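Residue-level structural notes
Chain residues, written in single-letter form:
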Amino acid sequence: MAQLTYLKALNWAFLFLEERNKEREAARFLLLGRHHWTTTQLVLHYRDEMPATEYEQYQADLAAFAEDQPAQYILGYANFYGRDFKVTPATLIPRLETEELVEWVLSVAPVKDRPLKVLDVGTGSGAIAITLACERPDWQVSAVDISPAAIAVAQQNAQTLGAKVDFIEGDFLTPVMGQQFDVIVSNPPYIAEDERSVMDASVLKHEPDLALFAPNNGLAFYERFAQEVPAFLEPDGALFLEFGYQQKEAIVRIFEQKDPLFSLEVQKDMANWSRMMRVSYDFNRNLLL
């Protein structure tokens, strides 16, 4: 029997996925992910023999992917901002766009003579909160999620990555009632129920509905932020939000109609879609009214 090399296994995997009309590059992603290899490292191992037990695992991974299981859930982790985060079906898989939201927070957060108080609402795997805590160890970072299973995953990620984050189980801003923050950041559920028909099967089958879908055409959480967030912001604090690529006008309208004291700044992602917003509130003007 001819030696089974990594290159032969990869080529077989490409064909396996193509025959099932699945994204062929997942074959490389899964192989790299099991080893934590770069593409260059994989090339250096092309002619090496793949052990039989590893090939069996690779076949199982590919079969699961062919049945619409996301590759990150198969591997058990997703990379976010240069760090590996445990992910399970209780948590949303962190997306590249959310890295851009984190980068924006890091680049514009105010500098103070005390540690910033930061809150992540709907933390999921903890990717946003933990990344901010790792990048700015002097910040006081808290994170809220309504799902106890998600909180458990986030706590494990924080421990693994050495991040100091206070995780709190509860609905929206209720668990931090009476507190004010310099930065509140959130990637809330924003998909409308009627969008299910155009969504990827792997997302619908495996990622948590709780983290994906929201009432009122996906706008419910933005409406809640517009209603509640001023009470939770420091006078010069800001709310940072991620949203869907077609939702900018609706979300701007929500905040503008709720209170003229809101100030909004929209940011585009690398694909040139409007996907992020910074919301501040003019407390000084409010005192004059």
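Residues numbered from 1 in each chain as written. Predicted model: local features only at pLDDT ≥ 70, side-chain atom pairs only at ≥ 80, totals over all residues. Heavy atoms only, no water.

Side note on the sheet that holds strand 3 (residues 117-121)
The criterion, for reference: Strands are treated as partners if at least two bridges between them are detected by DSSP. Secondary structure is summarised from DSSP: a helix means a run of H or I of at least four residues, a strand means a run of E of at least two, and numbering begins at the N terminus for each. Note on definitions: angles span 0 to 180 degrees between N-to-C directions of axes, and those axes are lines fitted to C-alpha atoms, for helices only across the stretch in contact. Residues count as neighbours in contact if any of their non-hydrogen atoms are within 4.5 Å of one another.
Spatial strand order, 5-4-3-6-7-9-8: seven strands in an open sheet with mixed pairing. Each of the sheet's edge strands pairs with one partner strand only, and the pair in question is strand 5 (165-169) and strand 8 (262-268). Direction aside, the axes of adjacent strands within the sheet are offset by 20 degrees on average. With seven bridges connecting them, strand 8 and strand 9 (residues 274-281) associate as antiparallel partners. If you follow F262 over to strand 9, its bridge partner there is Y281. Against the sheet, helix 6 (residues 96-108) touches strand 6 (181-186), strand 7 (233-242), strand 8 and strand 9, its axis set at about 160 degrees to strand 7. Strand contacts of helix 13 (residues 248-258): strand 7, strand 8 and strand 9, with the helix running at about 170 degrees to strand 8, the strand carrying the most contacts.

Some remarks on the packing of aromatic side chains
Stated formally: Note on ring pairs: Phe, Tyr and Trp rings are taken, using the six-membered ring of Trp, and paired if centres are within 6.5 Å. Classes follow the plane angle, with under 30 degrees stacked, over 60 edge-to-face and the rest tilted. A simple rule labels every residue: compare its accessible area, found with a 1.4 Å probe on the protein chains alone, to the largest value its type can have, and call it buried under 20%, exposed over 50%, or partly exposed in between.
Summed over all chains, the structure comprises 10 aromatic pairs. Both rings, one in W12 and one in Y55, keep their centres 5.7 Å apart while their planes meet at 70 degrees; by these two values the pair is edge-to-face. Of this pair, W12 sits in helix 1 (residues 6-19) while Y55 is found in helix 4 (residues 52-66), placing the two residues 43 residues apart along the sequence. Given the relative accessible area of 30%, W12 is considered partly exposed.

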